[in-house]
Number of protein chains: 2
Amino acid sequence: MIKVVIADDHPLLREGLRRILEFEEGIRVISEVGDGQGAINIARSTPFDILLMDLNMPGVNGLEACRVIRRERTEIGIIVLTVDDSDEKIFQVLQLGVAGYLLKDVIPKTLVDSIRKVYAGEPILAPSVTGKLLGQLTSSNTPKNNFGLSNREMEILAYVVKGSSNRDIGISLFISEKTVKNHLSNIFRKLEVEDRTQAALKAVKLKLVQLD
Amino acid sequence: MIKVVIADDHPLLREGLRRILEFEEGIRVISEVGDGQGAINIARSTPFDILLMDLNMPGVNGLEACRVIRRERTEIGIIVLTVDDSDEKIFQVLQLGVAGYLLKDVIPKTLVDSIRKVYAGEPILAPSVTGKLLGQLTSSNTPKNNFGLSNREMEILAYVVKGSSNRDIGISLFISEKTVKNHLSNIFRKLEVEDRTQAALKAVKLKLVQLD
DNA sequence: TCCCTTATCAGCATAATTTCCTAATTGTGC
DNA sequence: GCACAATTAGGAAATTATGCTGATAAGGGA
């Protein structure tokens, strides 16, 4: 039996969810709460499996409640159920380690399936959320603008990001330290920075070189 | 009609996939290829919608083929279909902007559903892949080990990561440059690095300080 | 109280970095 | 051929950074 708790400040929506879930085999809604504090309280006092959590609630909001509950009751699978599709909150919530993120326009069947899957240990994301995650990955490696750095300059910049000194870079590339310095001066000018530290950080920030 | 191309070096698996898909309404396998180059060639010569791509293929591998096809034919939705669940490749592939990543143990129904969803613009990930993505998010904010750095040292390290010089740090914190240097020496020793660049990079790498 | 850490400042010596200058060679494109 | 960029190298000088030692003061804990 999967024990479910619903946390949402809209009584109508709670009622709707409860009615959807109460006819499902093996699923039982054991409680409903109307705010984040209520969710925290029940998580502390009662064992259950799945928490359907709205983010926008009065008082202690869903985000804070998630943070507390994730810390205190790691065994509870939290499924965020929200209308909020905006970028800022999504990543904040996902970083907390929630097990699912669904939008409120899901069809009942998807919701029920998701509850079962989360109970089985599978993470669940709404397609648009998956898209945002992937989008972040792909957009993050679009240097595009490599500031007109030549191949050699990129190579040297990579060594700077590895923490090499000018001398070491020269030895590694079989060129004189003087040449390294010249390249670096050009790199600094092109990246619009003053020293190797700023260059290294900017290179990492702009993904010109991989930090690893 | 969703036009599908299968790229896999195992004839048996290709045949199996084709038989699964050929009875589906609205889906037609228009071609099969056995290596990455073949996938690239057909993508260049023939319009189609979905490419089921194995990663481990002889010659031009799936990863390279994905890269080329993604660049030349953005309208083709690539679904990576592989046994490879290892961490390194997953992120490389996802960064290319593939539309789906499934493991070869999927049931036929899931595969068909996934093709339809990708065709409709939805991204598709195997649960374990979603888990890895989420795991990366949550694990990324665990500094924990601050290497015994004191508050003041952390503060100074933050300035280093901003690209400040010793003089600038001194001015900002209303202390002498000498003091800054002393703190830095201690920081270098504790972080086990030789200079400010390595310290800044290590701080970023270990999330001791936020880069931005 | 004594010891340790932290934070502050300083001097000295050395090393590393950075800038500015010139200049040769090579390859690419017009 | 000519112009231009990339790569290479060197000289000279200024600036910055680093290591080491020493010193003072405040605060916490055994």
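Check the entry above for the structure.
These remarks concern the structure in this document. What you see is a predicted model; the values in this text were computed from it and never measured.

## Remarks on the overall build of chain A
- Helix and strand content of chain A: ten helices and six strands.
- The C-alpha atoms of chain A give 25 Å as radius of gyration, which overshoots the globular expectation for 212 residues (17 Å, by more than 25%).
- In terms of overall dimensions, chain A has C-alpha extents of about 75 × 30 × 30 Å along its principal axes.
- Across chain A, every contact between residues at least 6 apart in sequence was considered, and the portion connecting residues at least 24 apart equals 64%.
- For chain A, the accessible surface area stands at approximately 10400 Å², while carbon and sulfur atoms represent 50% of it.
- Positive and negative side-chain charges of chain A, numbering 28 and 28 respectively, have mean locations separated by a distance of 7 Å.

## A word on the sheet that holds strand β4 (residues 77-82) of chain A
- Ordered in space as β2-β1-β3-β4-β5-β6 (chain A), the six strands form an open sheet in which the pairing is parallel. Looking at the sheet topology across the chains shown, the edges are occupied by β2 (27-33) and β6 (124-125) of chain A.

## Looking at the protein's contact with DNA strand D
- Surveying the vicinity of DNA strand D reveals 19 residues, the closest of which are S150, R152 and S176 of chain A together with R167 and K181 of chain B.
- Expressed as a percentage, the sugar and phosphate content of the atoms of DNA strand D within 4 Å of the protein is 66%.
- Contacts to DNA strand D include N166 of chain B, whose backbone N or O atom sits 3.4 Å from a phosphate oxygen.
- The backbone of R196 of chain B places a nitrogen or oxygen atom 2.8 Å from a phosphate oxygen of DNA strand D.
- Secondary-structure elements contributing two or more residues to the surface near DNA strand D are α7 (151-162) and α9 (177-191) of chain A together with α8 (166-173) and α9 (177-191) of chain B.
- A per-class count over the surface near DNA strand D returns two nonpolar, ten polar and seven charged.

## Overview of the layout of surface pockets
- As a volume, the second largest pocket reaches approximately 1200 Å³.
- If you trace the second largest pocket, you find 35 residues lining it, with K117 and I124 of chain A together with K117, I124 and L125 of chain B closest to the centre.
- Mapped onto the lining of the second largest pocket, the elements with two or more residues apiece are β5 (100-103), α5 (108-119), β6 and α6 (127-140) of chain A together with β5 (100-103), α5 (108-119), β6 (124-125) and α6 (127-139) of chain B.
- Per-class residue counts for the lining of the second largest pocket are 18 nonpolar, seven polar and ten charged.

## What to know about the protein's contact with DNA strand C
- Around DNA strand C there are 20 residues in total, and K181 and R196 of chain A together with S150, S176 and N182 of chain B lie nearest to it.
- Backbone sugar and phosphate groups make up 61% of those atoms of DNA strand C lying within 4 Å of the protein.
- Contact distances for DNA strand C include 2.3 Å between a phosphate oxygen and a side-chain N or O atom of S150 of chain B.
- For DNA strand C, a phosphate oxygen lies 2.8 Å from a polar atom in the side chain of T179 of chain B.
- Looking at the surface near DNA strand C, the elements that each hand over two or more residues are α8 (166-173) and α9 of chain A together with α7 (151-162) and α9 of chain B.
- The leading source of residues in the surface near DNA strand C is α9 of chain B, at five residues.
- Here the surface near DNA strand C is composed, by residue class, of two nonpolar, ten polar and eight charged.

## A closer look at the nonpolar core
- Judged by nonpolar contacts, the single largest core of 68 residues is most densely connected at M53, L94 and Y101 of chain A together with M53, L94 and Y101 of chain B.
- In this view, Y101 of chain A contacts L55, V80, T82, D84, I90, V93, L94, I124, L125, A126 and V129 of chain A; residues no more than four positions away in its chain are not counted.
- In terms of nonpolar packing, the next biggest core, distinct from the first, is built from 44 residues, L191 of chain A together with L149, V180 and L184 of chain B among them.

## Structural notes on the relation of the copies chain A and chain B
- Each copy of the sequence occupies a distinct position, and chain A is placed on chain B by a rotation of 180° and an axial shift of 1.5 Å, giving an RMSD of 1.5 Å. Taken together, these values place the two copies in the relation of a two-fold axis. Judged by C-alpha distance, T197 of chain A is the residue of chain A that lies nearest the rotation axis, at 2.2 Å.
- Counting the interface residues of chain A, we find that 100% of their copies in chain B are interface residues as well, pointing to one common contact surface.

## What about the sheet that holds β6 of chain B?
Residues and elements named next belong to chain B.
- Taken together, the six strands give an open sheet; going across it, the order is β2-β1-β3-β4-β5-β6, and neighbouring strands pair in parallel fashion. Each end of this open sheet is capped by a strand with a single partner; those strands are β2 (27-33) and β6.
- Alignment of strand β1 (residues 2-7) against strand β3 (residues 50-53), held across four bridges, turns out to be parallel. For A7, the partnering residue across the bridge sits in β3 and is M53.
- Helix-sheet contacts for helix α2 (residues 36-45) involve β1, β2 and β3, and the interaxial angle to β2 is about 130°.

## Quick look at the pattern of salt bridges
- The tally for this structure, following the rule as stated, stands at 28 salt bridges over all chains.
- E32 of chain A is paired through a salt bridge with R14 of chain A; the nearest N and O atoms lie 3.2 Å apart. With a gap of 18 residues between them, E32 of chain A in strand β2 and R14 of chain A in helix α1 (residues 11-22) connect regions that are remote in the sequence.
- Take E32 of chain A: its relative accessible area is 28%, and that puts it in the partly exposed class.
- Residue E75 of chain B is joined to R73 of chain B by a salt bridge in which the shortest nitrogen-to-oxygen separation is 4.0 Å.
- Under the relative-accessibility criterion, E75 of chain B is labelled exposed at 53%.
- Residues joined in a network through salt bridges with shared partners are R14, E15, R18, R19, E22 and E32 of chain A.

## A word on α9 of chain B
Residues and elements named next belong to chain B.
- Taking 1.5 Å per residue as the helical rise, α9 with its 15 residues ought to reach 21 Å, and the 21 Å between its terminal C-alpha atoms agrees with that figure.
- For α9, the full list of buried residues reads V180, H183, L184, I187, F188 and L191. Down the axis of α9, the smallest arc covering the buried residues is 140°, so these residues share one side. Facing away from the buried side of α9, by more than 90 degrees, are the exposed residues K178, N182 and R189.
- Looking at the buried positions of α9, the neighbouring elements they touch are α7, α8 and α10 (196-205).
- For α9, the N-terminal cap is S176; the gap from its side-chain oxygen to the backbone nitrogen of K178 is 3.2 Å.
- Positioned one or two residues after α9, E192 has a phi angle of 60°, which is positive.

What counts, and at which threshold
Residue indices follow the written sequence of each chain, beginning from 1 at its first position. Chain letters and ligand numbers both follow the written order, the letters beginning at A and the numbers at 1. With pLDDT at 70 or above as the cut-off, local features in this predicted model cover only qualifying residues; side-chain atom pairs require 80 or more to be listed or tallied, and sums for whole chains, interfaces and linings still use all residues. Hydrogens are left out, water is left out, and the side-chain values use all remaining heavy atoms of the structure. The secondary structure listing takes helices from DSSP runs of H or I that are at least 4 residues long and strands from runs of E that are at least 2 residues long, numbered from the N terminus. Here the globule rule reads 2.2 Å times residues to the power 0.38, and the radius of gyration is calculated from C-alpha atoms. We call two residues in contact whenever any of their non-hydrogen atoms come within 4.5 Å of each other. Surface exposure here means Shrake-Rupley accessible area, sampled with a 1.4 Å probe, where a residue is shielded only by the protein chains that are shown. Note that His is not counted, nor are the chain ends; the positive residues are Lys and Arg, and the negative ones are Asp and Glu. Charge positions come from single atoms, namely NZ of Lys, CZ of Arg, CG of Asp or CD of Glu. The criterion for strand pairing is that DSSP finds at least two bridges linking the strands in question. Only heavy atoms are used to decide nearness, and a residue is near a molecule or strand if one of them lies within 4 Å of it. Polar contacts, as used here, are pairs of N or O atoms within 3.5 Å; protein pairs need one atom able to donate a hydrogen and one able to accept it. Residues neighboring in sequence count only if both atoms are side-chain atoms. The residue classification treats Ala, Val, Leu, Ile, Met, Phe, Trp, Tyr, Cys and Pro as nonpolar and Asp, Glu, Lys and Arg as charged. All others, Gly included, are polar. Grid points spaced at 1 Å and placed over the protein atoms alone form the basis of the search, with a cavity being a set where a 1.4 Å probe fits but cannot get out and a pocket an open set showing protein on both sides within 12 Å along at least five of seven lines. Lining residues have an atom within 4 Å of a point. Grid points are joined across faces, edges and corners, and a volume is the space filled by probe spheres set on the points. Among buried residues, those of type Ala, Val, Leu, Ile, Met, Phe, Trp, Tyr and Cys that are joined through side-chain atoms within 4.5 Å constitute a nonpolar core. Buried, partly exposed and exposed residues are distinguished by accessible area as a fraction of the type maximum, computed with a 1.4 Å probe on protein chains only: under 20%, between the cut-offs, and over 50%, respectively. When the copies are overlaid, the least-squares fit takes in C-alpha atoms only where the residue has pLDDT of at least 70 in both copies. Under this scheme, a helix contributes an axis fitted over its contacting stretch, all axes are lines through C-alpha atoms, and angles between N-to-C directions fall in the 0 to 180 degree range. Just to be clear on terms, a salt bridge is a Lys or Arg side-chain nitrogen sitting within 4 Å of an Asp or Glu carboxyl oxygen. For a helix, the expected span equals 1.5 Å multiplied by the residue count minus one. The arc in question is the one traced by the directions running from the helix axis out to the C-beta atoms.

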